[in-house]
Structure formats: structure tokens, C-alpha cells
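Here's the letter readout for the chains.
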Amino acid sequence: MAAYLCPPAVIHGKHAVRTSQIVDEVRGRHPNSAWAPRIDGIAASTGIETRGWMLPLEAAVAPGSGSGLPAAGIGPAREALADDGFTEQDVDRVITALEAIPAPQTVQERTAPAWSAVQSYGERAARGALQIAGLDAADVDCLITSHSTTPALPGLDVSLANRLPLRSDVLLLPATQWACIAGTRSLALAADLVAADPDRVVLVVIAEALSTTYQPADDTLESLIVRLLFADTAVAAVVTGRPRPESVLRLDAAWHHTLSGTQDLHRLETREDGTHFVMDRRGPRAVQETVTAMWEWLRLRYQDDPDSWHPDVLLAHPGGTRVLEYMEETMPEGWPSGLLRHSRDSYTSGNRGGAAVFDIMRRAYDAGQKAGSRAVLYAAAPGLTATALEGQWL
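Since this is a predicted model, take the numbers as computed values, not measurements.

Caption draft 1: Highlighting the nonpolar core. Leu 187, Val 202, Leu 249, Met 361 and Leu 377 are the most contacted members of the largest nonpolar core, which totals 39 residues. Ranked by residues supplied to this core, first place goes to helix H8 (residues 182-196) with 7 residues. In contact with Leu 377, not counting residues within four places along its chain, are Thr 184, Leu 187, Leu 249, Leu 315, Val 357, Met 361, Thr 387, Ala 388 and Leu 389. In this structure, Trp 115, Tyr 121, Ala 126 and Leu 156 belong to the second largest nonpolar core, which totals 32 residues.

Take a look at the structure:
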């Protein structure tokens, strides 16, 4: 399967949003919610103090351009009120009051600016990855893209094909629904592509504006947690079938796993006011099942050398601290501590979804990961589905 990965380019959201800002905004909007007395403790438990967004917090909480008037408009509203016995003076007062009520942002108002930012950030990441690899846009044979929270058709693949620009014969492979698994699964697909043709150059670009799931009107505990977790990031990397001077990681094997009957645990829902990320409290337990299955895959892969083999670095995006803790608790006996240090470091500035594994990989690279280090990459996503890769640092 051998595929060679150059260091990724990582572009963080330029707007620093502090947890204290989110707490103040949510507390002011939902002072009587059941979880309001616990909000400070809940926020502290995430371990996240600041995250980067492509757009400022003010953009997420701003009212829409409409008003509280019914969608039918002023005329039909007047007629309905008059038919119900309101006097003309009362109708005027009601219409004035309704016009003064700001409406929530629509899907278009919320998504359009984020989609514009996703394209811009994705282009910057793509150009950065090509520069790191010592290649030009003309060298790219295949482009794999993912962006789950800003639905668009055409998508990021076609946008980048025009922005970079790429050759007209480049194979475009958009994967907008991979979400948190985009990092590992895109690399597994890229590895298959270069295995079929070692001369292929594959560019992977993932750009996620997860802040679009920040929904001010939601007052559930799960919605509060979503507000606190997500960060916006664009990442990109070049994968080749032959080693290059710039290559830093060789990918040797991939593993995929899907849990039946778990498709409703984590999901995106598009409503009239935008995209909502819905979480079920059973989710972390289901993710833990994929971790257990991954340990078994590695055990079988190295069953002839069970006592001496272990990874030297584990680049894992499990979605939250509870699963990171579970991974540490269930690692095979004898594995060294600290394998998840870069994963934990990445998470302190937010959950980056599909971009997370590339960000974690970049942190390991910047920290000077030693050549010869054995690496395992892992991610789980709504579905619940997981992909892991195993390889060696070059």
C-alpha cells in the first residue's frame, strides 16, 4: 500500500473566540435554562480556552435581515388580524411590534459567508501544501476535498480547480459527508490511488467552518456543548506513490470500521435557521467501540511480534476528551505513555472535525518527530464510522 505524505499545511481560523465570550453570550440569551447554573463548570470541562473561527462570533449571533412578521408579508398579516376582530389602530400596533422583532438568520444568511471563507481558506491551504511539497498546481493529478458544514454544488473541488487552477484532466473527488473522518479516510483513498499508479500526485484539501453549527436560539445542553467545542480550520497535504525529498510519513496499511445502527447518534440537520449538529450522549460509548476494534486490528497485524511492537505516536481525532481518556486506559499493556500528546494539544484549541488529524500531524512534525517512529492515525465520525492508518515517520 506504501504511500508517501508530505507535511500538511494548516490554516487556522483568524478570529480568536474565547470560551468566556461564548459563555457570556449563551448566559445572556438563556438565563433560565436548566443548565445555566452549571455553565462555567461545563465550559471549563472542555479544556478549551480559545478557538479560531473563519468568521467572528458576532457573525454567528447577529439577527437576520427579516423581522417577526409572517413570511406571507404585511398585507396578509393585516387581513388576518382584521378578520379576527382587531381594530385598525390595534392592527397598526401589532404590525409595528412584529416589524421590530428581529428574525433569526436564514440558511442563506448563515451559510453564504462561511462558504466563501471555506473556499478562500481551502485555497490558501492547497497552495501551502504544494509549496511545502515543492510542486506546482500543474503537477496535481487528483484532488480530494471535504467540507461537511457548508453544503454547495459545485463544491470545494470545482472551486479549487478554478482557483489554483488545476489541469482540465485532473480527477476531482469531493467527499462532503466524511466530516470528522475526512483526514484519515482521504489519506486511505489517496493511498489506494497512488498504489494503482505510483506516479500519481494526489492533493488532499479539507476546509471546515464548523462554527456554522453555533445556533443562538437552541437551549439544550447538547447545543451548549457544540457551541463550546468547534473550531474552523483548513488543511491540505500532498500524497505520492514514490518517496520525495519532502516526504515525512509513509502509509503502509488502512483499516475501516462502521457500527451498525448508530447513524442517529451524531448528525447534521438543516433547518430554516441553518445547520444544527445534534449529539446523543451515547455517542462517546459508541466511538469507544471503534477504538476497541482498532486495537484488535493492530493486534492481528502484529501478532507475530506482540511484545515489542507499539506505535511511537498516535495521531487521533476521537472527538472529545472522554474518548482520549478511554484510548489511554485501553491501550495494550506495555505501550509507552504520551502517545496522544499531540492529539491532546490540538484539542485544547477546539474540535477541528475532518481537519483535526492533519493538524495533529503538523504538530508532531513541528515537534521534530524522529525518523523511524511508528505512527497510527485514527478518526471516528458520525455514522458511526472510523478509519485508521498505520505507517512510519521518515
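Caption draft 2: Highlighting the packing of H8 against helix H13 (residues 356-366). Relative to each other, H8 and H13 sit at 85°, their axes nearing to 6 Å. If you check the angle between H8 and H13, you find them roughly perpendicular. On H13, the residues touching Gly 183, Thr 184, Ser 186 and Leu 187 of H8 are Val 357, Phe 358 and Met 361. Considering only residue class, the contact of H8 with H13 consists of 4 nonpolar, 3 polar and no charged.

Caption draft 3: Fine view of the pattern of salt bridges. What the rule picks out here adds up to 22 salt bridges. Here Arg 352 ties to Asp 359 by a salt bridge, and the two come within 3.5 Å at their closest N and O atoms. Taken together, the salt bridges that share partners define one network made up of Asp 345, Arg 352, Asp 359 and Arg 363.

Caption draft 4: Focus on the pairing of strand S5 (residues 142-146). Along S5, 5 of the 5 residues are buried, which leaves the element largely enclosed by surrounding structure. On S5, burial covers both faces: Cys 142, Ile 144 and Ser 146 on one face and Leu 143 and Thr 145 on the other are all buried. Pairing of S5 with strand S6 (residues 171-174), which is carried by 4 bridges, proceeds in the parallel orientation. Along S6, the bridge assignment pairs Ile 144 with Leu 173. Sheet topology note: the S5/strand S7 (residues 201-209) ladder contains 5 bridges and is parallel. Its bridge partner lying in S7, Ile 144 is registered against Val 204.

Caption draft 5: Highlighting the pairing of strand S10 (residues 266-271). As defined by bridge partners, S10 adjoins strand S11 (residues 274-279) across 6 bridges and the pair is classed as antiparallel. Opposite Glu 269, over in S11, you have His 276 as the bridge partner. As consecutive antiparallel partners, S10 and S11 are separated by 2 residues.

Caption draft 6: Highlighting the packing of aromatic side chains. Per the stated rule, a full pass over the model turns up 6 aromatic pairs. A ring pair is formed by Trp 255 and Trp 297, whose centres lie 6.1 Å apart and whose planes are at 20°; its orientation type is stacked. Here the residue Trp 255 occupies a position in strand S9 (residues 249-258), and Trp 297 occupies one in helix H10 (residues 283-301), the gap between them amounting to 42 residues. Judged by relative accessible area, Trp 297 falls into the buried class, the value being 15%. Aromatic ring contacts, followed pair by pair, group Trp 295, Tyr 302, Trp 309 and Trp 335 into a single cluster. Sitting above the plane of the Tyr 121 ring, Arg 124 keeps its charged end 5.3 Å from the centroid. Positioned over the ring face of Tyr 214 is Arg 227, at 5.3 Å from the centre of the ring.

Caption draft 7: A look at the side chain of His 266. Within the fold, His 266 resides in strand S10. We classify His 266 as buried; its relative accessible area is 14%.

Caption draft 8: Quick peek at unusual backbone geometry. Residue Pro 154 is reached from Leu 153 by a cis peptide bond, and omega for that bond is 0°. With an omega dihedral of -20°, the bond running from Gly 383 to Leu 384 counts as a cis peptide bond. Note that Leu 384 resides in the loop between strand S13 (374-381) and strand S14 (385-393). Unusually for a residue other than glycine, Ala 179 sits at a positive phi of about 55°. For Ala 179, the location among the structural elements is in the loop between S6 and H8. The class of Ala 179 is buried, set by a relative accessible area of 15%.

Caption draft 9: Spotlight on the state of the cysteines. Across all of its chains, the model carries 0 disulfides by this definition. The thiol of Cys 6 is unpaired, and the distance to the nearest cysteine sulfur, on Cys 142, comes to 15 Å. With a relative accessible area of 0%, Cys 6 lands in the buried category.

Caption draft 10: Main features of the environment of Thr 96. Here Thr 96 shows up in helix H5 (residues 88-100). Note on Thr 96: relative accessible area 51%, which makes it exposed. Between the C-alpha atoms of Thr 96 and Leu 69, which are 27 residues apart in sequence, the distance is 9.4 Å. A distance of 2.8 Å separates a polar atom in the side chain of Thr 96 from the backbone oxygen of Asp 92.

Caption draft 11: Spotlight on the packing of helix H6 (residues 107-133) against helix H7 (residues 156-163). Interaxial distance between H6 and H7 falls to 10 Å at its minimum, and their mutual angle equals 55°. Put simply, H6 runs oblique to H7. For the pair H6 and H7, the sense of crossing is right-handed. Contacts between H6 and H7 involve Trp 115, Val 118, Gln 119, Ser 120, Gly 122, Glu 123 and Arg 127 from the first element and Leu 156, Ser 159, Leu 160 and Arg 163 from the second. Residues that form the contact of H6 with H7 fall into these classes: 4 nonpolar, 4 polar and 3 charged.

Rules of the game
- Residues numbered from 1 in each chain as written.
- Predicted model: local features only at pLDDT ≥ 70, side-chain atom pairs only at ≥ 80, totals over all residues.
- Heavy atoms only, no water.
- Core = buried A, V, L, I, M, F, W, Y, C linked by side-chain atoms within 4.5 Å.
- Buried < 20%, exposed > 50% of the residue type's maximum accessible area, 1.4 Å probe, protein only.
- Helix = DSSP H or I, 4+ residues; strand = E, 2+ residues; numbered from the N terminus.
- Contact = heavy atoms within 4.5 Å.
- Axes fitted to C-alpha atoms, helices over the stretch in contact; angles between N-to-C directions.
- Parallel < 35°, antiparallel > 145°, perpendicular 65-115°, else oblique.
- Nonpolar A, V, L, I, M, F, W, Y, C, P; charged D, E, K, R; others polar.
- Salt bridge = Lys/Arg side-chain N within 4 Å of Asp/Glu carboxyl O.
- Pairing = 2+ DSSP bridges.
- Phe/Tyr/Trp six-rings, centres within 6.5 Å; stacked < 30°, edge-to-face > 60°.
- Lys NZ or Arg CZ within 6 Å of the ring centre and 35° of its normal.
- Disulfide = S-S within 2.5 Å.
- Polar contact = N/O pair within 3.5 Å; in protein donor to acceptor, adjacent residues only side chain to side chain.
- Left-handed = near helix turned anticlockwise from the far one by under 90°.

Coordinates in, geometry out; function isn't part of it.
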